[in-house]
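# Examination of the molecular architecture
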Amino acid sequence: MALVSKTRDVFLWCMSVIYLFAFASYYVQIPGLLGDNGILPARVVKLKEVNSVVDFFQGEFTLLRLMPFIGLTRETGMDLLCLLGILLSFLCMVMKSFRNSVEYSFLWLLYISLYSVGQTFFYFQWDILLLEAGFITILVAPLNMYIFFWKTAPYHHHDNITLFLIKWLLFRLMFASGVVKLTSMCPTWWGLTALNYHFESQCIPTQLAWFTHHLPNWLLRISVTLTYVIEIFLPFLFFSSIRHLRMLSFYAQVLLQIMIILTGNYNFFNLLTITLCISLVDDDFFRKRISHPPEAKSIWNRVADWIITIVVYVFLGYVLVVYFTLRLGPGYTSLKTQIAFTKKEFSDLLAKVVPITIYIGAVALGIEVLISFVRCWKNEKGLVRKLFASVGVTLVAVLAAIMFAISLVPYTSIDVGSNSKLPAHLKILHSRLDRLEITSHYGLFRVDLTPLFGRGVRGRMTGVGGRPEVIIEGSNDMKAWKEYHFLYKPGNVSRSPPVVSPHQPRLDWQMWFAALSDFQNNPWLLTLCYRLLTGQKEVLQLMDDNPFPDKPPVYLRATLYHYHYTSPYIMSKKYSKDSWWVREKVSSYIPIIDKNDQGLLQWLQQNNIFEPIDSQSNANWLMKSLTAIRELVGQPDGFLVTISLFCTGFVMNVTKYFLF
C-alpha cells in the first residue's frame with residue numbers, strides 16, 4: 001500500500017497554480033467583457049437581494065450579492081474577488097502552510113461567485129471542471145489548524161479516499177470525452193478523419209498546428225485511433241492495483257494533453273487535466289529511490305502481475321487490430337486503420353459498459369475505504385487514537401459516497417438507458433445541488449461545435465468546408481472599409497498563430513463560436529457592435545490596434561469568411577511564402593448598421609444595457625482603492641500577466657527549497 005502524502009502535496013500545489021491562472025486571466029478582461037461599459041455588463045444579471053443569512057444560501061451562490069453591504073458596485077466587486085483570488089492562490093503556491101481546506105474553500109467560493117455572473121463568456125467546460133475539481137480539493141486538502149491548542153494532523157489515513165474522487169473525475173472526463181466523439185455521430189470522427197480538420201478549425205491554433213495539419217493522412221488517422229484508445233480504454237487502468245499499468249495510463253493521458261497544449265490554446269484546461277492525472281501516481285513517483293521495491297512482493301504476486309499486464313497489452317493490441325483494423329499499408333511505409341464496428345454495435349456495447357464502469361468505481365471506492373480503515377488500526381497507537389482516526393475515515397467515506405452517487409447523474413448522460421435506471425431521489429438531490437456546480441458532464445472534442453466547452457450543443461466537425469470566421473469592418477462612407485482585428489484569433493492572414501495559454505481571451509473564443517451560427521443566436525454581438533460604434537475604450541482594449549483611433553466609425557458590418565491554412569507545396573493553389581492563411585468570402589453576417597439604428601437601440605434598451613450606472617460620487621475608500629489599482633494596472637496582456645505571476649511564484653518556491 002504505497003503512500004500518497006507527497007502526491008497530495010503536489011496535487012494541491014498544482015491546483016494553486018491553476019487557480020492563479022484562472023483568476024489572473026479573469027481579472028484583465030473584466031472591464032471589457034463584464035464591466036459597466038463592457039459587452040455584457042454583469043450588473044444586468046439579476047441577483048436576489050440578501051436580507052439575512054438564509055437569503056444568501058437560498059439565492060444565487062455568489063459573494064457579489066454582498067457587495068452593496070460594503071459599498072461596492074458589481075464591477076468593483078468582481079475586481080475585489082479576483083484580486084483576493086490572485087493573492088490567495090499565489091500564497092497557496094509559495095507557502096505550504098496555506099495549502100489547507102480553509103484556503104481552498106475560499107478559492108472555490110470566489111471562483112463560483114465570479115462564474116455566476118460571467119454569462120456566455122464564462123460558461124465553458126474548463127470553468128465547470130475547475131469548480132468540481134476545486135470542490136473536491138477542499139476535501140483533499142488538510143485542515144492545518146489549531147483546535148483548542150491541538151493541531152490537526154497534516155496527513156490523514158483517508159487521503160487515498162479523497163484522491164479517489166479526483167481519479168473518478170478524471171475517469172469521467174476522459175471516458176466521456178472518447179465516447180461522445182462517437183455518440184455525436186459526426187462522420188469525421190467515425191471516419192477517423194477528424195484531425196484533418198481539427199488543427200485548422202480549432203479556436204486559437206498555435207504555429208505547430210499548421211505543421212501537424214500537413215502531416216500524412218495515414219498518420220493523422222492513426223492519431224485519431226490512438227486518441228480513442230487513450231480516452232476510452234486506458235482510463236479503466238486508473239483503478240488497477242498494478243502500479244506499472246496505472247503508470248501506463250498516466251503517461252498516455254499526460255502525453256495526449258501535452259500534444260493538445262502544443263497545437264492549441266486551451267488556457268488552463270489541459271493543465272488542469274494533467275493536475276487530475278496526479279491522482280494516478282503515488283509517493284514513489286516523486287522519489288529517486290522507491291520505498292516499496294518489487295522484492296517486497298512474493299514471486300507468485302509478481303508472476304500474477306506480469307500475467308495480467310501481458311493480458312492487458314494483448315487486449316489493447318486486439319482492439320487495434322480487430323476493432324480498428326490496424327494494418328500495414330502498401331510498401332510497409334505507412335499504417336492503415338478504420339473503425340470495424342457499426343454505430344448500433346457501439347450503442348449496444350455502451351449500454352452494457354456504462355453500468356460496469358459504475359460498479360468498478362463503486363468497488364474501487366470501497367477498497368480505498370477499507371484500506372483507510374486498515375491503516376487506522378495498523379498505524380495508530382492506542383485505542384482512542386484508532387477510534388478517532390476511524391471516525392474521520394467514516395465521515396470522509398460518507399461524503400465520498402455521496403459525491404460519487406451524485407456524479408452518476410451527469411455521467412450517465414452518455415447513455416440514456418443507464419441514466420433512466422438511476423433512482424429518482426438521486427436525480428432530485430443532484431438538481432438541488434446543481435447550482436453549486438460540484439459535478440457535471442464532460443466531453444472533450446466531441447465535435448468542434450460545442451466541444452467541450454458549452455452546454456450541450458451538438459453538430460458536425462467544423463472546418464470541413466473551411467474554417468468560418470466573422471470579420472467586423474467599419475467605415476465612414478460605406479465605400480472604404482477597415483477591418484477590426486482581434487488579439488489572437490485568425491483575422492490577418494499573414495499574422496502567425498500565437499501562444500496564449502494559460503490565458504484565455506474569452507472574446508476571441510466567443511467570436512469563434514459566433515462564426516458557427518448566425519448573429520441571432522449570438523445577441524451579445526449587437527452590444528459589441530454598439531461599443532465599437534461608440535468607441536468604448538474598455539472593449540477596444542480587448543482587441544488589436546484600433547483602425548479608427550481618432551473617431552469611431554459611422555457604419556459597421558460583419559462578413560463571414562472561410563479560412564484555410566496555406567500549403568507548404570509550391571504547386572498548390574494555397575501556397576504562400578508570407579501568409580499562414582488564405583480566405584474566401586462566404587456571405588454577409590451582420591448587415592450595415594450605425595449607432596442610431598432603431599432596432600439596435602431597442603434591443604440594447606430591452607436588455608438593460610443602458611441601465612443607469614451607480615454614481616461613484618459617494619465611493620468609499622475600498623472602491624477608490626480598487627479603482628486606483630485598476631487604473632494602475634491598465635489593460636495588460638493576459639498571457640504576460642499569467643506567466644509573470646507563475647514565474648514569480650515558481651522562483652520563490654525554488655529559492656525557498658535551496659535556502660531552507
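Rules used in this analysis
- Position numbers for residues start from 1 in each chain and track the written sequence from start to end.
- Predicted model: local features are reported for residues with pLDDT of at least 70 only, side-chain atom pairs are reported and counted for 80 or more only, and whole-chain, interface and lining totals are derived from all residues.
- The side-chain figures draw on all heavy atoms in the structure; neither hydrogens nor water molecules are used.
- What counts as a helix is a DSSP run of H or I of at least four residues, what counts as a strand is a run of E of at least two, and both are numbered from the N terminus.
- Both definitions apply: the radius of gyration is a C-alpha atom measure, and the globule rule equals 2.2 Å times residues to the power 0.38.
- In this description, contact between two residues means that some pair of their heavy atoms is separated by no more than 4.5 Å.
- As used throughout, the charge tally considers Lys and Arg to be positive and Asp and Glu to be negative, leaving His and the chain termini uncounted.
- By convention, charge coordinates are those of NZ in Lys, CZ in Arg, CG in Asp, or CD in Glu.
- Pairing between two strands requires that DSSP report at least two bridges joining them.
- Note on geometry: axes are C-alpha line fits, over the in-contact stretch for helices, and angles between N-to-C directions span 0 to 180 degrees.
- Centre distance within 6.5 Å is the pairing criterion for rings of Phe, Tyr and Trp, where only the six-membered ring of Trp is used; planes under 30 degrees apart are then read as stacked, over 60 as edge-to-face, and the remainder as tilted.
- Each patch is built from residues lacking any salt bridge and having more than 30% relative accessible area; the joining distance is 9 Å for like charges and 5 Å for nonpolar side chains (Val, Leu, Ile, Met, Phe, Trp, Tyr).
- Here the open area of atoms and residues is found with the Shrake-Rupley method and a 1.4 Å probe, where only the protein chains shown may cover a residue.
- Every case where a carboxyl oxygen of Asp or Glu lies within 4 Å of a side-chain nitrogen of Lys or Arg is listed as a salt bridge.
- Under the rule applied, a polar contact is a pair of N or O atoms within 3.5 Å (in protein, one hydrogen donor and one hydrogen acceptor; residues adjacent in sequence only if both atoms are side-chain atoms).
- Where each domain begins and ends is defined by an automated method or by a domain database.
- By definition, the buried area sums, over both parts, the 1.4 Å-probe accessible area that each loses when the two are put together.
- Under the grouping applied here, Gly and all other residues not named as nonpolar or charged are polar, the nonpolar ones being Ala, Val, Leu, Ile, Met, Phe, Trp, Tyr, Cys and Pro and the charged ones Asp, Glu, Lys and Arg.
- Note on angle classes: values under 35 degrees are labelled roughly parallel, values over 145 roughly antiparallel, values of 65 to 115 roughly perpendicular, and the remainder oblique.
- Think of it in three bands: with a 1.4 Å probe and only protein chains considered, a residue is buried below 20% of the maximum accessible area for its type, exposed above 50%, and partly exposed in between.
- Any cysteine sulfur atom paired with another within 2.5 Å is treated as part of a disulfide.
- We define the nonpolar core as a collection of buried residues of types Ala, Val, Leu, Ile, Met, Phe, Trp, Tyr and Cys that are connected through side-chain atoms lying within 4.5 Å of one another.

## A closer look at the overall build of the protein chain
Across its full length, the protein chain holds 24 helices and eight strands. In terms of overall size, the protein chain behaves like a compact globule, its C-alpha atoms giving a radius of gyration of 26 Å where 660 residues would be expected to give roughly 26 Å. Its C-alpha atoms give the protein chain principal-axis dimensions of about 85 × 75 × 55 Å. Looking at the protein chain alone, contacts between residues at least 24 apart form 74% of all its contacts between residues at least 6 apart. Positive and negative side-chain charges of the protein chain, numbering 58 and 44 respectively, have mean locations separated by a distance of 7 Å.

## Looking at the sheet that holds strand 6 (residues 482-484)
One open sheet accounts for four strands, arranged 6-5-7-8; its pairing is antiparallel. The sheet is open, and its two edges are formed by strand 6 and strand 8 (581-593), each paired on a single side. Between one strand and the next, the sheet's axes are offset by a mean angle of 35 degrees, whatever the strand orientation. Two strands pair when backbone bridges link them, and strand 5 (residues 467-475) and strand 6 are joined in this way by three bridges, in the antiparallel orientation. Looking across to strand 6, one finds that G474 is bridged to K482. Its contacts with the sheet place helix 20 (residues 524-533) against strand 5, strand 6, strand 7 (555-565) and strand 8, and it is angled at close to 85 degrees to strand 8.

## What to know about the packing of aromatic side chains
All chains considered together, the criterion is met by 48 aromatic pairs. Between Y251 and F285 the ring centres are 6.4 Å apart and the planes differ by 55 degrees, which places this aromatic pair in the tilted class. Of this pair, Y251 sits in helix 12 (residues 243-263) while F285 sits in the loop between helix 13 (269-277) and helix 14 (299-323), and the two are 34 residues apart along the sequence. Aromatic side chains F341 and F346 sit 6.0 Å apart centroid to centroid with 25 degrees between the ring planes, which places their arrangement in the stacked category.

## What to know about the environment of T225
Inspection of the secondary structure puts T225 in helix 11 (residues 217-233). C-alpha of T225 to C-alpha of A24: the two residues are 201 residues apart in sequence and 37 Å apart in space. Excluding its chain neighbours within four sequence positions, the residues that come into contact with T225 are L192, L320, F324 and T337.

## A word on a nonpolar patch on the surface
A surface patch of nonpolar side chains, amounting to about 530 Å² of accessible area, comprises L208, F211, L255, I258, M259 and L262. Listing elements by their share of the nonpolar patch, those giving two or more residues are helix 10 (207-213) and helix 12. With four residues, helix 12 is the largest single contributor of residues to the nonpolar patch. Its location among the elements puts L262 in helix 12.

## Side note on the side chain of R74
Tracing the backbone through its elements, the reader meets R74 in helix 4 (residues 74-94). Separated by 2.7 Å, the side chain of R74 and the backbone oxygen of A42 make a polar contact. Among the polar contacts listed, one links the side chain of R74 to the backbone oxygen of V45, at a separation of 3.2 Å. R74 has contacts with A42, R43, V45, L47, L64 and V117, leaving out every residue within four places of it along the chain.

## What about the domain arrangement of the protein chain?
Note: interface size is frequently given as the accessible area lost on complex formation between the parts. One can read the domain layout of the protein chain as domain 1 (1-150 + 630-659) and domain 2 (467-613). Its C-alpha centre places domain 1 at a distance of 31 Å from the equivalent point of domain 2. Each partner contributes residues to the interface: domain 1 has 29 residues there, and domain 2 has 27 residues. Across the interface of domain 1 and domain 2, roughly 2500 Å² is buried in total on both sides, 60% from carbon and sulfur atoms. Taken as a group, N37, I39 and R43 account for 25% of the area that domain 1 buries against domain 2, more than any other trio of residues on that side. Counting every contact that joins domain 1 to domain 2 gives one salt bridge. In this structure, R506 and D127 form a salt bridge, with 3.0 Å as the shortest nitrogen-oxygen distance. The interface formed by domain 1 and domain 2 contains 13 residue pairs in polar contact (both at pLDDT 80 or more). Elements represented by at least two residues in the side of domain 1 that touches domain 2 include exactly helix 1 (5-27), helix 2 (30-33), helix 6 (125-140) and helix 24 (638-659). When residues in the side of domain 1 that touches domain 2 are grouped by element, the largest group, four residues, is from helix 24. Across the side of domain 1 that touches domain 2, the residue classes tally to 15 nonpolar, nine polar and five charged.

## Some thoughts on the packing of helix 12 against helix 14
Interhelical geometry of helix 12 versus helix 14 gives an angle of 30 degrees and a closest axis separation of 9 Å. If you check the angle between helix 12 and helix 14, you find them roughly parallel. Of helix 14, the residues touching helix 12 (which contributes H244, L245 and L248) are D305, I308, T309, V312 and Y313. Across the contact of helix 12 with helix 14, the residue classes tally to five nonpolar, two polar and one charged.

## Details of the side chain of E103
For E103, the location among the structural elements is in helix 5 (residues 101-115). One buried charged residue, E103, forms no salt bridge at all, with the nearest opposite charge on R99 at 10 Å. E103 has contacts with L88, C92 and F98, leaving out every residue within four places of it along the chain.

## Some remarks on the environment of L532
Within the secondary structure layout, L532 lies in helix 20. Setting aside anything within four residues of it in sequence, one finds L532 in contact with I472, Y484, V539, L540, M543, P552, P553 and L556.

## A short note on the pattern of salt bridges
Throughout the structure, instances matching the rule amount to 16 salt bridges. Its salt-bridge partner being K181, residue E231 comes within 2.8 Å of it at the nearest N-O pair. Of this pair, E231 sits in helix 11 while K181 sits in helix 7 (residues 159-183); the two residues are 50 residues apart in sequence, bridging distant segments of the chain. When sorted by exposure, E231 lands in the same class as K181, which is buried. One salt-bridge network, in which partners are shared between bridges, spans R8, D9, K96 and D159.

## Section: the state of the cysteines
Cysteine pairs can be linked by a disulfide, which is a covalent bond between their two sulfur atoms. This model, assessed by the stated rule, comprises zero disulfides. Just so you know, C647 is unpaired, no disulfide at all, and the nearest cysteine sulfur is the one on C14, 15 Å from it. Note on C647: relative accessible area 38%, which makes it partly exposed.

## Observations concerning the nonpolar core
The tendency in soluble globular proteins is for nonpolar side chains to be buried as a group. Grouped together as the largest cluster of nonpolar side chains are 196 residues, with contacts concentrated most on W108, I472, L507, W524 and L528. Considering every element that reaches this core, the biggest residue donor is helix 7, with 16 residues. Those residues within four positions of W524 in sequence are excluded, and the remaining contacts are I39, L40, T120, F121, L507, Q510, M511, A514 and W603.

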